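Chain by chain, the residues run as shown.
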Amino acid sequence: MNKPTPLLCACLLGVSALLSSVAVEARDSAAASAQVQVPASLQAAVDASTRTPANVARDVYRHPAQTLAFFGLQPGQTVVEITPGGGWYSEILAPYLRDGGKYVAAVVDPAALPAGGGRDYQQRLRDGLAKKFSESPALFDKAVEVAYDPAAPVLGAPNSADLVLTFRNVHNWRSSGQAEGMFGAFFAVLKPGGTLGVVEHRAKADVPAEDKSGYVGQAQVIAMAEAAGFKLDASSEVNANPRDTKDHPNGVWTLPPSNNHAAADAGKYTAIGESDRMTLRFVKP
């Protein structure tokens, strides 16, 4: 057997050191995700009896306390949530921010859309959220609504928000050609040093803009944010789901909570749970 040369030994040592460094970095990243400290006041907001039971049932998949803590939520902040839908996160954010901060629900302005199904859908969402807010004034009386045109979004006064949050929306903006404008609007409304928090269904790799699966490549989301001027501050695996194979017949909508699948497959998809999701924190320099 030939004796290794000094050069070969040096190369092997270099590779070994590199692999060791990568392993340490991965371990530290995983540890950082697991060690997110949730303030007692935030945990209390998540545990509040005023939340809708069906929403609470999804905490096991959406990890709201850890997610919001990772994004740096504080009770005195001005927080803009993009398209809150039925108000899943509103039930946590609006009461938490009610006394010392400000919760802004940024909804699509139906009047900015052409007549048809898209406008009707956005009107139903807006009316449903308004009804939710009006029926529980003790929780939502100080919540503010901002209606924006998705073709030219303005989410508030420039440099006015501490935190912008978007949950599982990026795939829609990509498919409609609105992603660049939306990320630009996030950058504009945030104060210097402000935070953008993104949760999105994570594809195995990059996907075309016209992809209909609902998944997006993590590198693609990072590139969109960086193109708007943001810097990636940290990522977390708090919303990861390794059981998600990402090859479902109806994309992410095959999985809970949409459950767009044959009744016979209910057990299979219940066992998988909700989608694998990236959780990214960006800062505005």
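All chains use their own residue numbering, which begins from 1 and follows the written sequence. The model is predicted, so local features are restricted to residues of pLDDT at least 70 and side-chain atom pairs to those at 80 or more, both for listing and for counting; the totals for chains, interfaces and linings are taken over all residues. Derived side-chain values reflect all non-hydrogen atoms in the structure, with water molecules and hydrogen atoms excluded from consideration.

**Q** Give me the lowdown on the overall build of the protein chain, citing residues and values where you can.
**A** A count of helical and extended segments in the protein chain gives 12 helices and seven strands. Each residue's exposure class comes from its accessible area (1.4 Å probe, protein chains only) as a fraction of the maximum for that residue type: buried when under 20%, exposed when over 50%, partly exposed otherwise. Among the 285 residues that make up the protein chain, the fraction classed as buried is 43%. Intrachain contacts of the protein chain at a sequence separation of at least 6 include 76% that bridge at least 24 residues. For every accessible area listed, the method is Shrake-Rupley and the probe measures 1.4 Å; residues are considered covered only by the protein chains on display. Approximately 13,900 Å² of the protein chain is accessible, and the part contributed by carbon and sulfur atoms is 57%. Secondary structure elements follow DSSP: runs of H or I no shorter than four residues count as helices, runs of E no shorter than two count as strands, and numbering proceeds from the N terminus. Only heavy atoms matter for contacts: two residues are in contact if any of them lie within 4.5 Å across the pair.

**Q** I'd like to hear about the pairing of strand S2 (residues 102-108), residue by residue, with values.
**A** S2 sits mainly inside the fold: six of its seven residues count as buried. Only strands joined by at least two bridges in the DSSP assignment are considered to pair. When strand S1 (residues 78-82) meets S2, the two strands line up parallel, connected through five bridges. If you follow Val79 over to S2, its bridge partner there is Tyr103. Once the chain exits S1 it traverses helix H6 (residues 90-97) before rejoining the sheet at S2, and the crossover so formed is right-handed. When S2 meets strand S3 (residues 144-148), the two strands line up parallel, connected through five bridges. By the bridge assignment for S3, Val107 is matched with Ala147. Clockwise travel from the first strand over the helix to the second, with the strands pointing away from the viewer, marks a crossover as right-handed.

**Q** Hey, could you go over the sheet that holds strand S5 (residues 190-201) for me, with residue numbers and the actual values?
**A** An order of S3-S2-S1-S4-S5-S7-S6 is seen for the seven strands of this open sheet, with the pairing classed as mixed. Strand pairing shows two members of the sheet lacking a second neighbour, S3 and strand S6 (231-236), which therefore form its edges. Between one strand and the next, the sheet's axes are offset by a mean angle of 20 degrees, whatever the strand orientation. Pairing of S1 with strand S4 (residues 161-167), which is carried by three bridges, proceeds in the parallel orientation. To define axes, lines are fitted to C-alpha atoms, for helices over the stretch in contact only, and angles between the resulting N-to-C directions are given on a 0 to 180 degree scale.

**Q** Lay out the layout of surface pockets in plain terms, naming residues and giving numbers.
**A** Its boundaries defined by the atoms lining it, the largest pocket holds a volume of some 1,100 Å³. In terms of lining residues, the largest pocket is bounded by 42 residues, among which Tyr121, Leu125, Arg168, Asn169 and Asn172 are the most central. Elements supplying a minimum of two residues to the lining of the largest pocket: S1, S2, helix H7 (117-135) and helix H9 (170-175). Residues are grouped as follows: Ala, Val, Leu, Ile, Met, Phe, Trp, Tyr, Cys and Pro are nonpolar; Asp, Glu, Lys and Arg are charged; every other residue, Gly included, is polar. Here the residues of the lining of the largest pocket sort into 19 nonpolar, 16 polar and seven charged. Cavities and pockets are defined on a 1 Å grid built over the protein atoms alone: a cavity is a set of grid points where a 1.4 Å probe fits but cannot escape, while a pocket is an open set with protein on both sides within 12 Å along at least five of seven lines, and lining residues are those with an atom within 4 Å of any such point. Grid points are joined across faces, edges and corners, and a volume is the space filled by probe spheres set on the points.

**Q** Lay out empty space enclosed by the protein in plain terms, naming residues and giving numbers.
**A** Tallied over the full model, the rule gives two cavities of 30 Å³ or more. Considered as a void within the structure, the largest cavity measures approximately 50 Å³ in volume. Every residue along the wall of the largest cavity is listed here: Arg62, Thr67, Tyr89, Phe167, Arg168, Val199, Asn239 and Arg277. Its volume calculated, the second largest cavity comes out at about 40 Å³. Taken together, Ala94, Leu97, Arg98, Gly101, Lys102, Tyr103, Leu139, Lys142 and Ala143 make up the full set of residues lining the second largest cavity. Looking at the lining of the second largest cavity, the elements with two or more residues in it are H6 and S2.

**Q** I'd like a rundown of the packing of aromatic side chains, residues and numbers included.
**A** Stacked, edge-to-face and tilted labels apply to pairs of Phe, Tyr and Trp rings (six-membered ring for Trp) whose centres lie within 6.5 Å, assigned for plane angles under 30 degrees, over 60, and everything in between, in that order. Under the criterion given, the structure shown has eight aromatic pairs. Where Phe183 meets Phe186, the ring centres are 5.3 Å apart and the plane angle is 65 degrees; that geometry is what we call edge-to-face. Remark: Phe186 and Phe183 occur in helix H10 (residues 179-189); sequence separation between them is three residues, near one turn of the helix. Each of the two residues, Phe183 as well as Phe186, counts as buried.

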